[in-house]
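So the chains spell out like this:
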Amino acid sequence: MASPRLLGCAATLGSVVVTCLLLFFNASFVMALLTAAESNFPIWAKNAEASQFILFTTPLVLVVLQWMFIDYARSRFRR
């Protein structure tokens, strides 16, 4: 039987891997959206600082929402 420390370490490592993958895909998705919609942006959004802020914060917000959905789905289907 595996020790509780080993199981906790494996769970933490799994969470880190899932979070990194989600951040990678979210950042790719947001970057694609920014590139596609750049011509339709208002003048303030064409600023480099604004696009960097959007590119940094949006994937983080998406990761939080995705983890909330994962937690909800796990609690919903757990008996």
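Residues numbered from 1 in each chain as written. Predicted model: local features only at pLDDT ≥ 70, side-chain atom pairs only at ≥ 80, totals over all residues. Heavy atoms only, no water.

## Quick look at the packing of aromatic side chains
- For the structure shown, the criterion picks out 1 aromatic pair.
- Judged by centre distance (5.4 Å) and plane angle (70°), the rings of F24 and F25 are edge-to-face. (Phe/Tyr/Trp six-rings, centres within 6.5 Å; stacked < 30°, edge-to-face > 60°.)

## Structural notes on the packing of helix α1 (residues 4-37) against helix α2 (residues 48-77)
- Closest axis-to-axis distance for the α1/α2 pair is 9 Å, and the angle between their directions is 135°. Judged on the interaxial angle alone, α2 and α1 are oblique. With respect to the hand of their crossing, α1 and α2 are arranged in right-handed fashion. Of the residues in α2, those in contact with S15, V18, T19, L22, L23, N26, A27, V30, M31 and L34 of α1 are S51, I54, L55, T58, P59, L60, L62, V63, Q66 and W67. (Axes fitted to C-alpha atoms, helices over the stretch in contact; angles between N-to-C directions. Helix = DSSP H or I, 4+ residues; strand = E, 2+ residues; numbered from the N terminus. Parallel < 35°, antiparallel > 145°, perpendicular 65-115°, else oblique. Left-handed = near helix turned anticlockwise from the far one by under 90°. Contact = heavy atoms within 4.5 Å.)

It is worth stressing that arrangement in space is one thing and function is another; only the former is reported here.
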